[in-house]
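Examination of the molecular architecture
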Amino acid sequence: MLSVGAAILAAVLYALYLDHLVVKQFEGRRWTLPAQVYAAPLELYAGLPMTLSDLEHELQRLHYRRTEGADRPGTYRLAGEHLEVALRPARFADEARPAERLTIATAAKGGIESLQVGSGHEVPVLRLEPLLIGSIFPIHGEDRIVLSPEEVPPLLPLALKAVEDRKFDTHHGVDPSAMLRAAWVNMRARQIEQGGSTLTQQLVRSYFLSSRQTLSRKLREALMAMALDAHFTKADLMNAYINEIFLGQDGDRAIHGFGLASQFYFGKPLSELDLAEVSLLVAIVRGPSYYDPRRHPERALARRNLVLRQMAEQGVINTADATAAAHRPLGVSTRPSGAYYPAYLDFVRRTLRRDYHDQDLTEAGLRVYTSLDPSAQDEAERALEHELARLDRQRKRGADALEGAVVVTAPQSGDVIAIVGGRNVGYDGFDRALDAHRSMGSLVKPFIYLTALESGRYNAATVVQDAPVDVKLAGGGHWTPENFTHQVYGPVPVVRALAESLNLATVGVGLDLGLPKVAATLQRFGLPQPPAQVPAMLLGAVDVTPIEAAQLFNGLANGGFRNPLRAVRTVISADGKPLKAFPLEVTQVASPEVTYQLDRMLVLVMDHGTGRSGRALLPPDLVVAGKSGTSSDFRDSWFAGFSGNHLTVVWVGYDDNQPTGFTGSAGALPVWAHIMAGLGTSSWNAPMPESLAEVHIEYPTGLRATAACATDIVAVAVPGDAAIPPRPGCGLPEATATQSAGVFERAQQWLRSIAH
Amino acid sequence: MPALADIIPRVRVRYLPVLIVMTGLSACALFRAPPSQPAPASTGTAPAGSAQPAQPPPPTPSPLTPVPPAQPPAPTPSKQFHLGAASSALVTQAHQQADSGDVGQAAATLERAVLIEPDNPLVWIELGRVRLAENNPAQADAMGRKALALATGDASAQSSAWRLIADALRARGDDGGAADAERRAASLATR
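Residues numbered from 1 in each chain as written. Chains lettered and ligands numbered in written order. Predicted model: local features only at pLDDT ≥ 70, side-chain atom pairs only at ≥ 80, totals over all residues.

Section: the overall build of chain A
Put simply, the test is: Helix and strand assignments follow DSSP, with helices taken as H or I runs no shorter than four residues and strands as E runs no shorter than two, numbered in order from the N terminus. Three classes are used. A residue is buried when 20 or more other C-beta atoms lie within 10 Å of its own, exposed when 12 or fewer do, and partly exposed in between, with C-beta atoms placed from the backbone. In this description, a residue-residue contact is defined by the distance between C-beta atoms placed from the backbone, which must lie within 7 Å.
Regarding its fold elements, chain A presents 24 helices and 33 strands. Counting all 756 residues of chain A, 51% fall into the buried class. Across chain A, contacts joining residues at least 24 apart in sequence account for 68% of those joining residues at least 6 apart.

As structure tokens, then:
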């Protein structure tokens, strides 16, 4: 008797325990929302040089569909030179915008002419909604987009009930008749073919239990389902099911809920799915791996059509609609959406970890607005993949594949607009853009010559000696660097030494300036660690990651102003409050005069020097500036360079640091040039500071000359008072300073002023 | 600390600007009519400033093109920056936001304008003004200098930039530097 009492007590306690567990878990679970990460929205305005097809491409990236009427949000139509768009409601970092109608008028020669919203109200500027690029999900890998009941199309619950749980509205968590029917079917088939579980039981299983179908688990599951049913309304349970259920796997990311599944399979919000598409998602519930529409399209199609039939049988839809939908293709996007940019998200995550705990990021429903430009990202991925494949064919190093990384920024704001961490872009592994520490090689040279210009003792035309160097090292050895060609070039102007990346001339200049000066310049531009002050530093024995190289060159691209590179612009809380902003910041780290002189020389790298071979890949009238970098024994191939509105850094090499056989010009430059050409970038055209003068000099000698008396003439910018000797026979007056004031003294005073 | 005015060498008054005596007040620059010039031709989807001054881009140096000797240097052509229609609307919106006390929103709105027209000194001056209102004179000063570097050839924009720098320096307690910057602003305003 006592033992029976004890057993009953134990059973009651167990039931109470399960009841408590279910309620606690169910209520708590609703709040774990991974942070959602958005790309930068595309700003549209009159004068923006986008064609109709560019615009259409951008709309399709956001999964807008072209239709006849463009009457539902997420659709558009073309009418002559006009594009009519039914915009979805959008949430930006600083405001929310309801769904509205947008008419974009374009000029016949391309370019946006005007923007109108509603019925003809002209607006000067308007943003498309930002693309969702991913979310920050926890280690166990569940990712979801949570929908409120209003965001769920009414068809979905009806379809789920018709296919999975016909008595959902009336049962108490379990459906004995369905279980018996399933048991009968399974017995006859001698294996488990039917679950017979209610939606509530499936929910319990997804929340609390593994999917192993043992009898004790079934019992526990049934008890918990009954407890859930007793505590919560059917509507709550249906909404929980729609947000909870597992619907696919993407690497180590588990796709949960219909909101994310809609994005994952179709790239658009659930509310925009048609009958065929909703039916496919309902079909996938039964076995996301078995019915994976990307890997097993036939199975998925057959089950989708079965779902359609069942819905018609139960009167949820009419037979004609079911038949029509059954003839539609699956319509699944080829690439999993939230297009997924692992290297970029990695940078976002690292930025956020400085301010947030992991749990805030994975559970608090934050919205993170970034600088990512999806079209630049696509361009960078495509160029790297394509060029590395080409280089691999040249190199033929067995099975080992070359690797690479790319960083693209908008230099004036410091926005990082694209990051590629390796050639397998979908792979969420070693992120070379952030973690590959490699010798910067000749990428260091612009900073040596910038230091030289700041000293006031050098300008672009100053003749320096490219002569053998022998430095006694502290340890007793000697350092005797050589030029890439193993030749010695003798007297050369600074502009040529930089354009052709002459090692001996540069080491001479660097030793004259002193290693501490050069190191200080690198740190001013953003090198995080002080470099080891050894002579080899002058040839780039300084390890940097591609993103650090981008930080350094961003200052050159931005006229001597450093911006902290940023991927995250704003973080918004789940209820729409701004939590954290990473505002645009600039700090002057070199004078505009010195930076302009250097940048003009970097333009000549492209036209005369080691960047020459990239010219053919670029539009002929595009002015760009850049520098190649090759570390010793060809282990690293770099190219860093910029236009008026883009800075791109490319690294190519092997992960195991083996020689590649490629210089910066042969390996990284073609990748760089393809990216720059594809970005549709605009020319570098910084205004020349008023104290500088443009002078034409003979490239080999640095002497002032004209086209009439010399063949190899380049234009350089020098201080207005620089005295540059003329080439004999050109009939030019002797060197005279055109300006009496000492520009150099001022530059030095300026340097002192920022040094304190 | 050296005179801040010395950072940018004194502009030679060799050629008087052809046009207009500017009023020289920074805010005035913001509400000029949009430019009649359309955006410069540029391909692709990169935002292009809609208010580029009518100035040729720097020559692409090429050894094949005959180039005339360039000494003495040609005087810097005078030019005048305007805000494009998009930036102009955003600046107006930012002013409204700032007036209603939401300086953070104003800054976010102006950042949009900077991203649309990064080469236009007038948007940087506006953003610098908001940084000043946000009690961040260091960034206000830096943005004034960024604007100054972009404003080459536009005395009015240079004057506005110096005035912002002056206000930023004053807010940082550097009255000497502020007076100096103020003097530069005034002398440019009368050109």
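Overview of the overall build of chain B
Of the regular secondary structure elements, chain B holds six helices and zero strands. Reading chain B from its N terminus to its C terminus gives the helix and strand order α-α-α-α-α-α. Looking at chain B as a whole, 53% of its 191 residues are labelled buried. A separation of at least 24 residues holds for 63% of the contacts in chain B among residues at least 6 apart in sequence.

Focus: the nonpolar core
Cut-off, in case you're wondering: A set of buried residues drawn from Ala, Val, Leu, Ile, Met, Phe, Trp, Tyr and Cys, joined through C-beta atoms within 7 Å, is what defines a nonpolar core.
Counting 209 residues, the largest nonpolar core has Val406 and Val716 of chain A together with Leu110 of chain B as its most contacted members. If near-sequence neighbours (up to four positions away) are discounted, valine 716 of chain A is found in contact with Ala460, Ala461, Val495, Arg600, Met601, Val695 and Ile697 of chain A. Membership of the second largest hydrophobic core comes to 53 residues, among which are Val22, Ala162, Ala276 and Met311 of chain A.

Quick notes on the sheet that holds strand 8 (residues 100-106) of chain A
Residues and elements named next belong to chain A. The test is simple: A pair of strands is treated as paired once DSSP finds two or more bridges between them. Working convention: axes come from line fits to C-alpha atoms, limited for helices to the stretch in contact. Angles between N-to-C directions cover 0 to 180 degrees.
With mixed pairing, six strands are arranged side by side in an open sheet as 3-4-5-8-9-10. Lying at the two open borders of the sheet, with one neighbouring strand each, are strand 3 (65-66) and strand 10 (121-123). Here helix 2 (residues 52-61) sits on the sheet in contact with strand 4 (75-79), strand 5 (82-87) and strand 8, set at roughly 15° to strand 5.

Looking at the pairing of strand 32 (residues 692-698) of chain A
All names here are of chain A. Most of strand 32 sits out of view: six of its seven residues are buried. Here seven bridges tie strand 32 to strand 33 (residues 713-719), and the two strands are oriented antiparallel to one another. Across the sheet, residue histidine 696 finds its bridge partner in strand 33, namely alanine 715.

A word on the environment of aspartate 94 of chain A
Looking at the secondary structure, you find aspartate 94 of chain A in the loop between strand 6 (90-91) and strand 7 (96-97). Classification of aspartate 94 of chain A by C-beta neighbours within 10 Å gives buried; the count is 20. Linking aspartate 94 of chain A and proline 578 of chain A, residues 484 residues apart in sequence, is a C-alpha distance of 7.9 Å. Setting aside chain neighbours within four positions, we find aspartate 94 of chain A in contact with Gln105 and Ala108 of chain B.

Brief notes about the sheet that holds strand 13 (residues 142-144) of chain A
All names here are of chain A. Read across the open sheet, the three strands follow the order 13-15-14; overall the sheet is mixed. Bordering the open sheet on either side are strand 13 and strand 14 (246-250), each of which pairs with just one other strand. Going across the sheet, the axis of each strand differs from the next one's by a mean of 35°, ignoring polarity. Two elements, strand 14 and strand 15 (residues 253-256), share four bridges in a ladder whose sense is antiparallel. Each residue of the ladder has a partner; that of glutamine 249, found in strand 15, is alanine 254.

Brief notes about the domain arrangement of chain A
The parts lose accessible area when they come together, and the size of an interface is often stated as this lost area. Residues and elements named next belong to chain A. Definition in use: Each domain's extent is set by a domain assignment, obtained either automatically or from a database. Each residue gets one of three labels, nonpolar for Ala, Val, Leu, Ile, Met, Phe, Trp, Tyr, Cys and Pro, charged for Asp, Glu, Lys and Arg, and polar for the others, Gly among them.
If you check the domain split of chain A, you get domain 1 (42-129), domain 2 (444-541) and domain 3 (692-755). Counting from both sides, the interface comprises 10 residues of domain 2 and, opposite them, 17 residues of domain 3. Of the residues belonging to the side of domain 2 that touches domain 3, the class tally is five nonpolar, three polar and two charged.

What about the pairing of strand 27 (residues 578-581) of chain A?
Residues and elements named next belong to chain A. Here three bridges tie strand 26 (residues 568-572) to strand 27, and the two strands are oriented antiparallel to one another. Its bridge partner being in strand 27, isoleucine 572 is matched across the sheet by proline 578. Taking the residues between adjacent antiparallel strands as the criterion, strand 26 and strand 27 are bridged by five residues, where glycine 576 takes a positive phi near 90°.

Comments concerning the environment of alanine 401 of chain A
Residues and elements named next belong to chain A. The residue alanine 401 is located in the loop between helix 14 (374-395) and strand 17 (403-410) in this model. Between the alpha carbons of alanine 401 and glycine 653 there is a distance of 9.2 Å; along the sequence they are 252 residues apart. Beyond its immediate chain neighbours, meaning those up to four positions away, alanine 401 contacts Asp392 and Arg423.

Focus on the packing of helix 5 (residues 199-208) of chain A against helix 6 (residues 215-231) of chain A
Residues and elements named next belong to chain A. Worth spelling out the cut-off: The labels follow the angle: roughly parallel below 35 degrees, roughly antiparallel above 145, roughly perpendicular from 65 to 115, and oblique for the rest.
Contact geometry of helix 5 with helix 6 gives a least axis separation of 9 Å together with a crossing angle of 110°. One way to sum up the angle between helix 5 and helix 6 is to call them roughly perpendicular. Of the residues in helix 6, those touching helix 5 at Thr200, Gln201, Val204, Arg205 and Phe208 are Glu221, Ala222, Met224, Ala225, Leu228 and Asp229. Residue classes in the contact of helix 5 with helix 6 are distributed as six nonpolar, two polar and three charged.

Overview of helix 10 (residues 297-313) of chain A
Residues and elements named next belong to chain A. Spelled out, the test is: By this rule the span expected of a helix is its residue count minus one, scaled by 1.5 Å.
A rise of 1.5 Å per residue sets the reference length of helix 10, with its 17 residues, at 24 Å; its end C-alpha atoms lie 24 Å apart and thus fit the reference within 8%. Turning to helix 10, its buried residues are Ala300, Arg303, Arg304, Asn305, Val307, Leu308 and Met311. For helix 10, the secondary structure elements touched by its buried residues are helix 3 (155-164), helix 9 (275-285) and helix 11 (319-326). One or two residues past the end of helix 10 sits glycine 315, with phi positive at roughly 75°.

Concerning the packing of helix 2 (residues 103-116) of chain B against helix 3 (residues 121-133) of chain B
All names here are of chain B. The following threshold applies: Crossing handedness: left-handed means the near helix sits turned counterclockwise from the far one by under a right angle, and right-handed means the same turn made clockwise.
Put simply, helix 2 and helix 3 touch, their axes get as near as 9 Å, and they point 160° apart. With respect to their mutual orientation, helix 2 and helix 3 come out roughly antiparallel. Considering only the axes of helix 2 and helix 3, their crossing is left-handed. Of helix 3, the residues touching helix 2 (which contributes Val103, Ala106, Ala107, Leu110, Glu111, Ala113 and Val114) are Val123, Trp124, Glu126, Leu127, Val130 and Ala133.

Concerning the confidence of the model for chain B
Residues and elements named next belong to chain B. The condition that has to hold: Values of pLDDT, the confidence the predictor places in each residue, fall between 0 and 100.
Counting all residues, the mean pLDDT for chain B is 72, and 59% of those residues have values of 70 or more. Taken together, the stretch residues 1-74 has pLDDT below 50 and engages in 149 contacts with residues farther than four places along the chain or on a different chain. The complex prediction reports pTM at 0.80, with the ipTM value standing at 0.81.

A closer look at unusual backbone geometry
All names here are of chain A. Located in the positive-phi region is histidine 63, a residue other than glycine, with phi close to 60°. Relative to the helices and strands, histidine 63 resides in the loop between helix 2 and strand 3. Overall, the presence of 18 C-beta atoms within 10 Å leaves histidine 63 in the partly exposed class. For asparagine 657, which is not glycine, the phi torsion reads 65° and is therefore positive. Relative to the assigned elements, asparagine 657 resides in the loop between strand 31 (647-653) and helix 23 (668-679).

A short note on the environment of valine 174 of chain A
By secondary structure assignment, the location of valine 174 of chain A is in the loop between helix 3 and helix 4 (176-189). Look past the residues within four positions of valine 174 of chain A in its chain and what remains in contact with it is Met179, Thr198, Gln201, Ala222, Ala225 and Met226 of chain A.

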